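Below, each chain spelled out in residue letters.
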Amino acid sequence: MKIQAAVSRGPSTDFSLEDVNLDEPRADEVLVRIVGVGICHSDIAARDQHIPVSMPAVLGHEGAGIVEKVGEGVTDLEVGDHVVLSYMSCGTCDRCDGGIPSYCADLPVLNFVHSRVDGSSPLNNDKEGELTHFFGQSSFATYAIAHRVNTVKVRKDAPLEKLGPLGCGVLTGAGSIMRALKCEAGSSLAIIGGGSLGLSALLGAVVQGCEKIVVVEPVAARRDLAMQLGATHVIDPFAVEDLTAELRLAVPEGLNYVFDNTCVESALSAALGALAPKGTLALAGVPKPESSTFSLDLFGMVLGGLRVVGISEGESAPQEFIPAMIDLFMEGRFPFDKLLSFYSLDQINEAVKAHYDGAAVKVVLTP
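These remarks concern the structure in this document. If you're wondering where the values come from, they're calculated on a predicted model, not measured in any experiment.

In this fold, Asp-43 is placed in helix H1 (residues 41-47). The side chain of Asp-43 sits in the buried core without any salt bridge; Lys-362 is the nearest counter-charge, 6.6 Å away. Within the structure, the side chain of Asp-43 is placed 2.8 Å from the side chain of His-61, a separation counted as a polar contact. Contacts of Asp-43, omitting those with residues within four sequence positions, involve Gly-38, Leu-59, Gly-60, His-61, Phe-134 and Phe-140.

Under the criterion given, the structure shown has six aromatic pairs. Taken together, a centroid distance of 6.4 Å and an interplanar angle of 50 degrees make the contact between Phe-112 and Phe-134 tilted. Taken as a pair, Phe-112 in helix H3 (residues 107-112) and Phe-134 in the loop between strand S9 (132-133) and strand S10 (143-147) lie far apart in primary sequence, 22 residues in all. The class for Phe-112 is partly exposed, based on a relative accessible area of 25%. Geometrically, the ring pair formed by Phe-112 and Phe-135 is edge-to-face, given 5.3 Å between the ring centres and 80 degrees between the ring planes. Of the two residues, Phe-112 is situated in helix H3 and Phe-135 in the loop between S9 and S10; the sequence distance between them amounts to 23 residues. The class for Phe-135 is buried, based on a relative accessible area of 3%. What links up through ring pairs into an aromatic cluster is the set Phe-112, Phe-134 and Phe-135.

Let us look at the sheet that holds strand S2 (residues 16-22). Spatially, six strands are ordered S8-S7-S2-S1-S4-S9 in an open sheet, and the strand pairing comes out mixed. Here the strands that pair on one side only, and so sit at the sheet edges, are strand S8 (129-130) and S9. Here two bridges tie S2 to strand S7 (residues 123-125), and the two strands are oriented antiparallel to one another. Across the sheet, the residue bridging to Leu-22 is Leu-123, located in S7.

On to the pairing of strand S12 (residues 188-192), then. By the criterion of burial, S12 is predominantly enclosed, with five of the five residues buried. Side chains Ser-188, Ala-190 and Ile-192 project from S12 onto one buried face, and the interleaved Leu-189 and Ile-191 project onto a second face that is buried too. As defined by bridge partners, S12 adjoins strand S13 (residues 212-216) across five bridges and the pair is classed as parallel. The residue bridging Ile-191 from the neighbouring strand is Val-215, located in S13. Of the crossover connections in this fold, the one passing from S12 over helix H5 (residues 196-208) to the parallel S13 is right-handed. Here S12 runs beside strand S15 (residues 255-260); their pairing, made up of four bridges, is parallel. When the sheet's bridge partners are listed, Ala-190 is paired in S15 with Val-258.

The next subject is the packing of helix H7 (residues 243-250) against helix H8 (residues 265-273). For the pair H7 and H8, interaxial distance at closest approach is 8 Å and the crossing angle is 40 degrees. Between H7 and H8, the interaxial angle falls into the category oblique. Between H7 and H8 lies a crossing of right-handed hand. Here Leu-243, Thr-244, Leu-247 and Arg-248 of H7 come into contact with H8, specifically with Ala-267, Ser-269, Ala-270, Ala-271 and Gly-273.

Procedures and definitions
Residues numbered from 1 in each chain as written. Predicted model: local features only at pLDDT ≥ 70, side-chain atom pairs only at ≥ 80, totals over all residues. Heavy atoms only, no water. Helix = DSSP H or I, 4+ residues; strand = E, 2+ residues; numbered from the N terminus. Buried < 20%, exposed > 50% of the residue type's maximum accessible area, 1.4 Å probe, protein only. Lys, Arg positive; Asp, Glu negative; His and termini not counted. Salt bridge = Lys/Arg side-chain N within 4 Å of Asp/Glu carboxyl O. Polar contact = N/O pair within 3.5 Å; in protein donor to acceptor, adjacent residues only side chain to side chain. Contact = heavy atoms within 4.5 Å. Phe/Tyr/Trp six-rings, centres within 6.5 Å; stacked < 30°, edge-to-face > 60°. Pairing = 2+ DSSP bridges. Right-handed = clockwise from strand over helix to strand, strands pointing away. Axes fitted to C-alpha atoms, helices over the stretch in contact; angles between N-to-C directions. Parallel < 35°, antiparallel > 145°, perpendicular 65-115°, else oblique. Left-handed = near helix turned anticlockwise from the far one by under 90°.

Here you go:
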């Protein structure tokens, strides 16, 4: 079938809205009409080749929509279901069976090698042939082919056009706090970076009952939003000489947890210096190639019993965590919609600019 999709052809180039061809769903696949799709930092990182992706590609991995067709063997989804599309996993390895599909043995291949298991893509155009299929969905489009494993059925009374970001960005931020770290009620947390991941982590921290929540973010509007959403302290890192000292001023006894989604070495070092004994620094950002390492004070790590952990996709199982977030949202306890700004699919390049400029926290495209 003919669909419209935003095609990417290389680093820092504009997306091009084009007519492309989409296959019918095969066994275990579904055809989804996209109602809303979030723009995630990982999409931009893929376009700019910080995540290596073959070009040309149709990116997008936070789709939400309505099932229009199901392939052979799909028994848990049916036409008309409202769904959120998330990351792809095999569904059968030990880690998938153990409830941590974000560490699936085949996750890099299934999400970043950009094709079906057999090496084909469901997307092509008449000029270049196959287009890269991203994260098992390629949802910067009017329709997407997804697998039953990364398609999550959701309740129909929730506003479907808002739900796409729950598939990755919000899942990663909130899941890191609620599922991976399991921050205890009364604990203290600093969040380095107040974009969509950081503010989603803040929402998760409020649900968890964290007592002190510090958000470190240079954009004033995002600091203001953080305070509205439940932060107890905000810090502009460019307005202070010593970030460690500022964090210690907010939480003199030291922080139990730091969640970083910036991969800025100076911020990571400052955060380590502000941890309480047995504290944890969690890393969930996508680093640029030139900032993919940082130094550790090994003696201080040993003396303090400190931990540094990486977190993929919030260590969250989409089939469980996405419906849980929606339930919290519908109860008024998880207002992730406060992060959203809406653009039409043909405004994708304006939306990316708003993402970069900090004018929008989380953009949702509506085909």
